[in-house]
Amino acid sequence: MSTTTTTLQSAKSPVPLLYRRHSSGQIRNLASVSSSLLPAFGTVVGEGSLQLNKFVIAPYDRRYRWWQAFLVVLVVYSAWSSPFELAFKKVATDSLLPVDLVVDAFFGIDIVLTFFVAYLDKSTYLLVDDHKKIAMRYVKHLWFPMDVASTLPFQVIYQIFTGKRHYGQVFGFLNLLRLWRLRRVSELFSRLEKDTRFSYFWTRYAKLICVTLFAVHSAGCFYYWLATHHHVADDTWIGSLIPNFQDRSVWLGYTYSMYWSIVTLTTVGYGDLHAVNTGEKIFNMLYMLFNIGLTAYLIGNMTNLIVHSAVRTFAMRDAINEILRYASKNRLPESLKDQMLAHVTLKFKTAELQQEEVLEDLPKAIRSSIAQHLFRKTVESTYLFKGVSEDFIVQLVPEMKAEYFPPKVDIIIQNEISTDFYIIVSGAVDVITYKNGTEQFLSKTGPPDMFGEIGVIFNVPQPFTVRTRRLSQVIRISHHNFKQLLQPFNEDGKIMLSNFLQHLKGLKKEELEEIPLVTEFLGDLRTEDTAAVEELEHHAADEEARRTSTAYAFSEVLPTRIIIHGYHPNEKLTEGESPGKLIHLPDTIEDLLRLAEKRLRKRGTAILMADGSQVEDLNALRENDHLYIL
C-alpha cells in the first residue's frame, strides 16, 4: 500500500495544474503550453485532481513562466556583455562588474529553483514531483555543471582568495561561458513559434534579426580584440587609422568594430577598414565564409516564410488556369465555365471553414462532437426528422458532409440518379423544372428545408433541378448510408414516414404535377387507408388487420419496389395493353393480390415470376422484380 502511495506521489498528471488556482493561477490558452508538456492520456480534468508535493513548482506555473521570461531579458544582456567585455576589458573590471554580479545572482537563484521544479517523464508523460528524483536528474544532466560554470564570478573569486585584482584575458574567455544561457532564448522562440496567439511570420522574423545582430556584435568585438593583442598597435586594421586607439573612448572602438562587421556581412566592402596583419586576414576569411552560411540561412528562411504564405494562392491560380484550358479545349459555354470558376474559387475561400484534412486526422468521437455542435439543431428542425429518437440523430449527424455552393450553381439536376439528399444550413435555393426545354420556377426554399429526398426515398430519378440563389451551405447524406442507419430504428422509420407523407400532401399542385408517381402513390394511399379502416371496424382491431394498414406497410422508408403484370409471363404483350405497374411490395401475398386488383382491375389468385415459378414467400423478392398476377 505504501509503495503504491509513493508511486502516485512521485508521478502525477500535468493536467491538474492547468486548473490549479491557489498557487499557479489558471492557464487560459492551451496553445501557450509547451509541446513537451502534454497532458497524460485518460487524465480527468477538474478541481478535485491530485496536487503536486509540497514545495514543488509546476513547470508551466504562471509565476514560474514570468520568472523564465525575466531571465530571458538577462540572457540578452549576457549575450551582449560577454563579447563586449572580452574586447574592452576596462568595462569588465569597472562599470559593468556590479551589473554582472547582480545578473549572476539571479541565475544562481534559478539554479536553486530548478531543484524544486517538476519535470516530465518522457516515457509516461507524467509529471514527476519527487524531490530526490528531480535533484538526481538535474545533477546528472549536462545543464547543472554548465549552469554553475556560467554563473560563477571567477574574477571576484580570484580576488577573494588572493587579495589581488587580475586583469588577464583568461577571465574574459571564462565570461564567454555565459553564452550557454542563450539556450533559454532558443527555447523561448521555439515555444513562441508553436503558440497560435503569436504570428509565426513575425516570430520567425524576430529570431532571424536576433541571430544577425548577435553575429555582427560578436564578430566586431572579437576583431577589436585581435587589434588590441597585436604586438604592434599601429599594424592593425584600426591602429593604421587611429593612433593610440586603445587610449581612446571605448565607444569609439565599438563603433568602428560594428561598422566593419556590418560592412563585411553585407558584402559592401568600402575598403576604408581592411585587414593589415596576417591574423586579421585569417579572421576576415573565416568571417566571410561564415557570412556565406549566415546569408544563405537568412535568405532561405525569409523565402520559406514568404512562399508559405502564398502557397494557397499559387494552388488556386493553377486550378483556375487548368479550368480555363479545359473549358477552351472542349468549347464549353460561358455559363458552365463561370460555374466551374465560381466553384473552385469558393472552394479555396471556404477551405478554412471546412478543414476536411484536419477533421480526418481527429478521433471519431471528436469529429462526432464537432458535427453535433455545428449541425444537430439544423437536422432536428428539418421536417423529416421531427420527433425521431435522440439515438438516431446522434448516429445520423456525423455521417453528413458539409459543402458550400456559390450562387447560380445547380446542386441537383433534374432526372439525374438519386444518390444523396441535402439539408440547407444557410443560404437559399430555387426548385426548377423543365417543360419542353423551357425552365420553369416552382418554389424557393431555405434553412432548415431539405431537397432531393423524394428521389432518394422513392428511388427514382430526381424530379427537379435545385439551384442556389446565393452562397449556400448544405449538409448531405448518401442514400446508402441513410438506409443502413435506418435499419435498426423501426419506430423512427414510422415517424419519418408519417412526416414524409404529411410533406407530400402539402406540396404545391405545380410540384405534384411534375411527380406523377407521388400523385398516384397518394391516391393509392387514400384508397388503402379507407380499406384498412373498414377492415378494422369489422374485425375489432384484429392484429392481422393492423398489419395491412399503410403505416405498417411502409414501416421502412425505403421499401422494395416491384413491377406487376396482369398476364402470363409466356404471353406476349398485346397492343394497347399496359406494360406493367410499379408498386411498393406489401407485407403479405394477400395484400399484394388486393393491391394488384386495384391497379390492374383484375382479381388474381396466383403470382408467378418471369421464369414461370410461383411466388410463395415475398421475402425472396428483390428490387425491380417482375411479377405476373393470374
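Predicted, not measured: the structure shown is a model, and the values here were computed from it.

Before going further, it helps to examine the overall build of the protein. A count of helical and extended segments in the protein gives 25 helices and 15 strands. Counting across all 630 residues of the protein, residues that qualify as buried make up 42%. Considering only intrachain contacts with a sequence separation of at least 6, the fraction spanning at least 24 residues in the protein is 70%. For the protein, the computed accessible surface area is about 35,500 Å², with 59% contributed by carbon and sulfur atoms.

Okay, the sheet that holds strand β9 (residues 450-451) next. A sheet is described by the order of its strands in space; here four strands give the open sequence β4-β11-β6-β9, paired in antiparallel fashion. Where the open sheet ends on each side, the last strands, each with one partner, are β4 (401-405) and β9. Bridge count for strand β6 (residues 420-426) against β9 is two bridges, and the pairing is antiparallel. Residue Y422 lies in a different strand from β9, and its bridge partner there is F451. Running at roughly 110° to β6, helix α16 (residues 364-381) makes contact with β4, β6 and β11 (472-478) of the sheet. Each of β6 and β11 touches helix α19 (residues 479-486); the most contacted strand, β11, lies at about 60° to it.

For the rest of this paragraph, the subject is the environment of D272. For D272, the position within the fold is in the loop between α11 (250-265) and α12 (278-330). For the pair formed by D272 and W237, sequence separation is 35 residues and the distance between their alpha carbons is 9.4 Å. Setting aside residues up to four positions removed in sequence, D272 forms contacts with L241 and Y259. Within the structure, the side chain of D272 is placed 2.8 Å from the side chain of Y259, a separation counted as a polar contact.

A few words now on the pattern of salt bridges. Tallying each qualifying case throughout the model produces 20 salt bridges. E193 is paired through a salt bridge with R204; the nearest N and O atoms lie 2.9 Å apart. Within this pair, whereas E193 is found in helix α9 (residues 182-194), its partner R204 is found in helix α10 (residues 200-228), the two being separated by eleven residues in sequence. What makes R204 buried here is its relative accessible area of 15%. Residue R376 pairs with E380 through a salt bridge whose shortest N-O separation is 3.0 Å. One end of the pair is R376 and the other is E380, both in helix α16 and four residues apart, which spans about a single turn. The exposure class assigned to E380 is partly exposed, which follows from its relative accessible area of 34%.

Before going further, it helps to spend a moment on the pairing of β11. Counting buried residues along β11, six of its seven residues qualify, which places the element largely inside the surrounding structure. Sheet topology places β4 next to β11; five bridges connect them, and they run antiparallel. Paired with E403 across the bridge in β11 is V474. For β6 and β11, the ladder comprises six bridges, and the chain directions are antiparallel. From the neighbouring strand, I424 faces β11, where its bridge partner is V474.

Describing an aromatic ring pair means giving the distance of the ring centres and the angle of the ring planes. Summed over all chains, the structure comprises 34 aromatic pairs. Each ring, one from F222 and one from F283, has its centre 5.4 Å from the other, and the planes form 40°; the classification is tilted. A residue pair is termed long-range when its members are at least 10 positions apart, and F222 in helix α10 and F283 in helix α12 qualify at 61 residues. For the pair F283 and Y287, a centre-to-centre distance of 6.3 Å together with 5° between the ring planes defines the contact as stacked. Here F283 pairs with Y287, and both are found in helix α12, just four residues apart, close to one helical turn. Classification of F283 by relative accessible area gives buried; the value is 14%.

Let's shift gears to the sheet that holds strand β15 (residues 625-629). Pairing is mixed in the open sheet, where four strands are placed in the order β13-β12-β15-β14. Unpaired on one side and paired on the other, β13 (581-584) and β14 (607-608) mark the two borders of the sheet. In the sheet, strand β12 (residues 561-565) pairs with β13 via four bridges, with the strands oriented antiparallel. By the bridge assignment for β13, I562 is matched with I583. Sheet strands in contact with helix α25 (residues 589-600) are β12, β13, β14 and β15, and its direction is about 145° off that of β13.

Further remarks concern the confidence of the model for the protein. Of all residues in the protein, 81% have pLDDT values of 70 or greater, and the mean over the chain is 78. The low-confidence segment residues 1-50, where pLDDT is below 50, has 89 contacts with residues more than four positions distant or belonging to other chains.

In terms of nonpolar packing, the biggest core is built from 41 residues, with F84, F88 and W237 touching the most fellow members. Mapped by element, the contributors of at least two residues to this core are α2 (62-87), α4 (97-114), α9, α10, α11 and α12. Examining the composition of this core, we find that ten residues originate from one element, α2, more than from any other. Each residue touching F88, except ones within four places of it in the same chain, is listed here: Y224, V250, G253 and Y254. F421, V456, F489 and F500 belong to the second-largest nonpolar core, a separate cluster that totals 39 residues.

In this section: the side chain of D104. Examined against the element boundaries, D104 turns out to sit in helix α4. Within the local environment of D104, its side chain forms a polar contact with the side chain of R181, the two groups lying 2.8 Å apart. When near neighbours in sequence (up to four residues on either side) are disregarded, D104 contacts S150, T151, P153, R178 and R181.

On to the environment of T382. Tracing the sequence through the fold places T382 in the loop between α16 and α17 (390-396). Residues in contact with T382, not counting those within four places in the same chain, are I423, P448 and M450. A distance of 3.2 Å separates a polar side-chain atom of T382 from the backbone oxygen of P448.

What follows concerns unusual backbone geometry. Residue P448 is reached from P447 by a cis peptide bond, and omega for that bond is -5°. Along the polypeptide, P448 turns up in the loop between β8 (438-445) and β9. Look at T267: it is not a glycine, yet its phi comes out positive at around 55°. Mapping T267 onto the fold places it in the loop between α11 and α12.

Once that is clear, we can look at a nonpolar patch on the surface. Together, I282, M285, L286, M288, L289 and I292 make up an exposed nonpolar region whose accessible area comes to about 620 Å². Relative to the assigned elements, L289 resides in helix α12. We classify L289 as exposed; its relative accessible area is 58%.

Thresholds, definitions, all that
- Residues numbered from 1 in each chain as written.
- Predicted model: local features only at pLDDT ≥ 70, side-chain atom pairs only at ≥ 80, totals over all residues.
- Heavy atoms only, no water.
- Helix = DSSP H or I, 4+ residues; strand = E, 2+ residues; numbered from the N terminus.
- Buried < 20%, exposed > 50% of the residue type's maximum accessible area, 1.4 Å probe, protein only.
- Contact = heavy atoms within 4.5 Å.
- Areas by Shrake-Rupley, 256 points an atom, 1.4 Å probe, with all protein chains shown as cover.
- Pairing = 2+ DSSP bridges.
- Axes fitted to C-alpha atoms, helices over the stretch in contact; angles between N-to-C directions.
- Polar contact = N/O pair within 3.5 Å; in protein donor to acceptor, adjacent residues only side chain to side chain.
- Salt bridge = Lys/Arg side-chain N within 4 Å of Asp/Glu carboxyl O.
- Phe/Tyr/Trp six-rings, centres within 6.5 Å; stacked < 30°, edge-to-face > 60°.
- pLDDT = per-residue confidence, 0-100.
- Core = buried A, V, L, I, M, F, W, Y, C linked by side-chain atoms within 4.5 Å.
- Patch = residues over 30% accessible without salt bridge, like charges linked within 9 Å, V, L, I, M, F, W, Y side chains within 5 Å.

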